[in-house]
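# Residue-level structural notes
Given next are the chains, with one letter for each unit.
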Amino acid sequence: MFPMLTLLSMFYYICLRRRSRSGTRGEVLNSRRAMESSQRSLPLSVEVEQYAKEVLDFSSHYGSENSMSYTMWNLAGMPNVFPSSGDFTQTAVFRMYGTWWEQCASAPLPFRRTALSFHSQDYIELAFEEPVYPTAIEVLETYHPGAIVQISACSLNPFSQNPPADVRWEVLWAGEPSKALTPQARQFSPSIKQINFATNLIRLEVNSSLLEYYTELDAVILRGVRQRPVLSLYKMPLIDISDLSDSEEEREAAEAMSGKSSTGNGYFDKLPYELIQLIVSHLTLPDLCRLAQSCKLLQQHCCDPLQYIQLSLQPYWARLTDTSLGYLQNRCTLIQRLNLSWTGNRGAVTAAGFCSFVKACGMGLVCLELACCHFLTEGCMEVIAQTCPALQELSLSSCDRLHPQAFAHIAQMTSLRRLILYRTKVEQTALLSILTFCTQLQHLNLGSCVMIEDYDVVASMLGVRCRSLRSLDLWRCKNLTERGLTELVSGCGLLEELDLGWCSTLQSSSGCFAQLARRLPRLRKLFLTANRTVCDSDIEELAARCPALQHLDILGTRMVSAASLRKLLRSCPRLLLLDVSFCSQIDARTVQELSALFPAVAIKKSFTQ
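Residues numbered from 1 in each chain as written. Predicted model: local features only at pLDDT ≥ 70, side-chain atom pairs only at ≥ 80, totals over all residues. Heavy atoms only, no water.

## Considerations on the overall build of the protein
Looking only at helices and strands, the protein has 17 helices and 21 strands in total. Here the protein holds 609 residues, and 54% of them are scored as buried. On the protein, roughly 26000 Å² of surface is accessible, and the fraction owed to carbon and sulfur atoms is 53%. (Helix = DSSP H or I, 4+ residues; strand = E, 2+ residues; numbered from the N terminus. Buried < 20%, exposed > 50% of the residue type's maximum accessible area, 1.4 Å probe, protein only. Areas by Shrake-Rupley, 256 points an atom, 1.4 Å probe, with all protein chains shown as cover.)

## Regarding the packing of helix 16 (residues 562–571) against helix 17 (residues 588–597)
Across the interface, helix 16 lies against helix 17 with an axial gap of 11 Å and an inter-helix angle of 20°. Viewed along their axes, helix 16 and helix 17 adopt a mutual orientation that is roughly parallel. Relative to helix 17, helix 16 is oriented so that their crossing is right-handed. Mapping the contact onto sequence places Ala562, Leu565, Arg566 and Leu569 in helix 16 and Thr590, Glu593 and Leu594 in helix 17. (Axes fitted to C-alpha atoms, helices over the stretch in contact; angles between N-to-C directions. Parallel < 35°, antiparallel > 145°, perpendicular 65-115°, else oblique. Left-handed = near helix turned anticlockwise from the far one by under 90°. Contact = heavy atoms within 4.5 Å.)

## Considering the pattern of salt bridges
For the coordinates displayed, the defined rule picks out 26 salt bridges. In this structure, the salt-bridge partner of glutamate 593 is arginine 566, at a minimum N-O distance of 3.8 Å. Of this pair, glutamate 593 sits in helix 17 while arginine 566 sits in helix 16, placing them 27 residues apart in sequence. Classification of arginine 566 by relative accessible area gives partly exposed; the value is 26%. Among the ionic contacts, a cluster of salt bridges with common partners joins Glu125, Arg203, Glu205 and Arg346. (Salt bridge = Lys/Arg side-chain N within 4 Å of Asp/Glu carboxyl O.)

## Re the packing of helix 13 (residues 482–491) against helix 14 (residues 512–519)
For any two helices packed against each other, the geometry comes down to the angle between their axes and how far apart the axes lie. Contact geometry of helix 13 with helix 14 gives a least axis separation of 10 Å together with a crossing angle of 5°. Taken as axis vectors, helix 13 and helix 14 run roughly parallel relative to one another. Across from Glu482, Leu485, Thr486, Val489 and Ser490 in helix 13, the residues of helix 14 making contact are Cys512, Phe513, Gln515, Leu516 and Arg519.

## Here we look at the packing of aromatic side chains
A full pass over the atoms with the stated rule returns 16 aromatic pairs. Taking the centre distance of 5.1 Å and the plane angle of 75° together, the rings of tryptophan 169 and tryptophan 317 count as edge-to-face. Here tryptophan 169, found in strand 6 (residues 169–174), pairs with tryptophan 317, found in the loop between strand 10 (310–312) and helix 8 (322–329); they are 148 residues apart in sequence, far enough to count as distant. Classification of tryptophan 169 by relative accessible area gives buried; the value is 16%. Their ring planes at 80° and their centres at 5.1 Å tell us that tyrosine 213 and tyrosine 214 sit as a pair that is edge-to-face. Both residues of the pair, tyrosine 213 and tyrosine 214, belong to the buried class. Each member of the aromatic cluster is reached from another via a ring pair, and the members are Tyr62, Tyr70, Tyr97, Trp101, Tyr143, Tyr213, Tyr214, Trp475, Trp502 and Phe527. Over the aromatic face of tryptophan 317 sits the side chain of arginine 203, whose NZ or CZ is 3.6 Å from the ring centroid. Cation over ring: arginine 476 sits above tryptophan 502, and NZ or CZ is 4.2 Å from the ring centre. (Phe/Tyr/Trp six-rings, centres within 6.5 Å; stacked < 30°, edge-to-face > 60°. Lys NZ or Arg CZ within 6 Å of the ring centre and 35° of its normal.)

## Side note on the side chain of threonine 557
Along the chain, threonine 557 falls in the loop between strand 19 (551–553) and helix 16. When residues no more than four places from it in sequence are discounted, the contact partners of threonine 557 are Asn531, Arg532, Thr533, Val534, Phe582, Cys583 and Ser584.

## Side note on the pairing of strand 5 (residues 148–154)
Of all seven residues that make up strand 5, seven are buried, and the element is covered over most of its length. Across five bridges, strand 5 lies against strand 8 (residues 199–206) in antiparallel orientation. The residue of strand 8 that forms the bridge with glutamine 150 is glutamate 205. Bridge count between strand 5 and strand 6: five bridges; the pairing is antiparallel. Paired with cysteine 154 across the two strands is tryptophan 169, which belongs to strand 6. (Pairing = 2+ DSSP bridges.)

## Concerning a nonpolar patch on the surface
Residues Phe268, Leu271, Leu275, Leu278 and Ile279 make up a contiguous nonpolar surface patch of roughly 390 Å² in combined accessible area. Relative to the assigned elements, leucine 271 resides in the loop between helix 4 (248–258) and helix 5 (273–280). Take leucine 271: its relative accessible area is 30%, and that puts it in the partly exposed class. (Patch = residues over 30% accessible without salt bridge, like charges linked within 9 Å, V, L, I, M, F, W, Y side chains within 5 Å.)

## Considering the sheet that holds strand 12 (residues 367–369)
Taken in spatial order, the twelve strands of this open sheet run 10-11-12-13-14-15-16-17-18-19-20-21, and their pairing is parallel. Two strands in the sheet have a free side with no partner beyond their single neighbour: strand 10 and strand 21 (602–604). Going from strand to strand, the sheet's axes swing by 5° on average, the running direction of each strand aside. In this sheet, strand 12 lies alongside strand 11 (residues 337–339) in parallel orientation, the contact comprising three bridges. Bridging from a neighbouring strand, arginine 337 pairs with cysteine 367 of strand 12.

## Observations regarding the environment of cysteine 380
The topology assignment puts cysteine 380 in helix 10 (residues 378–387). With 28 residues separating them in the primary sequence, cysteine 380 and alanine 352 have C-alpha atoms 8.1 Å apart. Once you skip the residues sitting within four places of it in the chain, cysteine 380 turns out to touch Ala351, Phe354, Cys355 and Phe375.

## Side note on the side chain of glutamine 310
Along the chain, the position of glutamine 310 falls in strand 10. A distance of 2.8 Å separates a polar side-chain atom of glutamine 310 from the backbone nitrogen of arginine 112. Setting aside chain neighbours within four positions, we find glutamine 310 in contact with Pro110, Phe111, Arg112 and Arg337. (Polar contact = N/O pair within 3.5 Å; in protein donor to acceptor, adjacent residues only side chain to side chain.)

## What about the environment of arginine 467?
In this structure, arginine 467 sits in the loop between helix 12 (455–465) and strand 16 (471–473). Setting aside chain neighbours within four positions, we find arginine 467 in contact with Leu462, Ser490, Gly491 and Leu494. A polar contact of 3.4 Å, which involves the side chain of arginine 467, links it to the backbone oxygen of glycine 491.

## So, the nonpolar core
In terms of nonpolar packing, the biggest core is built from 113 residues, with Phe354, Leu394, Leu396 and Ile410 touching the most fellow members. Each residue touching isoleucine 410, except ones within four places of it in the same chain, is listed here: Met381, Leu394, Leu396, Leu416, Leu419, Leu421, Ile434 and Cys438. Judged by nonpolar contacts, the second largest core, of 31 residues, contains Val139, Ala147, Ile195 and Leu211. (Core = buried A, V, L, I, M, F, W, Y, C linked by side-chain atoms within 4.5 Å.)

## Re helix 16
Among the residues of helix 16, those classed as buried are Ala562, Ser564, Leu565, Leu568 and Leu569. One side of helix 16 carries all its buried residues, which in axial view fall inside an arc of 160°. If you follow the buried residues of helix 16, they end up packed against helix 15 (536–545), strand 19, strand 20 (577–579), helix 17 and strand 21. (Arc of directions from axis to C-beta.)

As structure tokens, this is what we get:
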């Protein structure tokens, strides 16, 4: 018992030493007194009310890059719709909702050791005119509210000519995924905590997995005061993943705690090495780093490269820096799957820091997630291509600031099976080169890639070179015609998922959709969103040829009747999702009748008031 008490005492001493670096005992006592008297100490100040001035960054949106309909840019300025409820093009809409996308074959495998408190799937960052100390955040939600899971504030003024060296993010409010009782509009204003810096940069993070349809946001209001509240004068010290190194004094203490005697840790060190590894594997990354500082035995286990075979740093996007990557570098020598999505922006991670990490740890990488990583450069892409010969999965989703020339290096990654280029500036020449050499591709996302000039050429190349393709996302590709689609489905007969949403140049009268159904018997997901020409004969072909169909979106068609939908529902017993929003021949009563007859199918019908 005595050695264990000594161990705990020394660990407590280390924690106190770390806390003393950024806060003295006097500061803590003063902070406590400030908290007790906060209600009577707050200065009187005029509250400022602001709507978002500019949308700075976001992870996805439903709309087109070249329009305002359903795009994140609609969150700038005063409300367009609120307090009206319903589906309006003037609102901001994210790309996904529900669990449908997670059920698809194209969905990436989840990462182990992801913190249970991290729920975010999408984000948007908004700049306001004047920095204030926030007193309230109000989000005007106009359709299917409840997706917001976190609201954060940044110390950086995005309009300043002299940005600070240290950029801080503070969480103002966080909650679990939810959905409102009704899809009607609401004003969401959670109770937020006070922070000790003025801000005019706010970040919303959302999780739409529990929603029955797309959430729509109209405007965001930042309320705050210009004077600093007394409560915010004390900054609570934190131990996080950026603080991974031990001081000399703490290393000596750790050595004194562990010693060389097998009884120094009670019976714990008598456990098999593999069992301790299994126990430690259930810890989140920050806890793993903290535990490594407790004793030599646990440091050995927590720093074992086998604990870092796969690592998601996305939940720690606000704290990850070059220094963090440097500390993790020795532990990640065996890493195979790495998620850096959302990390490193505004100088926190540099291209040099990233390249150094990849050169040291990238040899065994098979999966690399880099969504919204705006620090990436052409040099970074070259390093990935040269250092990661086994790479099979690469996501550059919404890396919309990466120069078009950088994508040419992907052609060297010939082992790729999954490639996500959603909302990137990849050009046709680079893409054709990629398809020429990456012939093992199974999952490809080219949604909203506006720099590609001729999608027919791309589709033809896919049909010739990528015959193992299982999923293809061509969401909002602007010029695909029946010629390209015919060549695509003729060569890629293994396709299970095909997204042709908002591909307005496709015409049912050419027979392309009927041929699609005949050529793709394994089809499980088909999006023909906003194609006004889809007709009954197309639906009947799907019913006859695609019995495995699970997800079908025909939003906006004017030529599909209830009779053909009944035939489809009877012929496709695995169908889970059917979106018939704005289908002129399908009214709410028909949806109710079909839902009663086929309760296992989620039949979606949006409305506008």
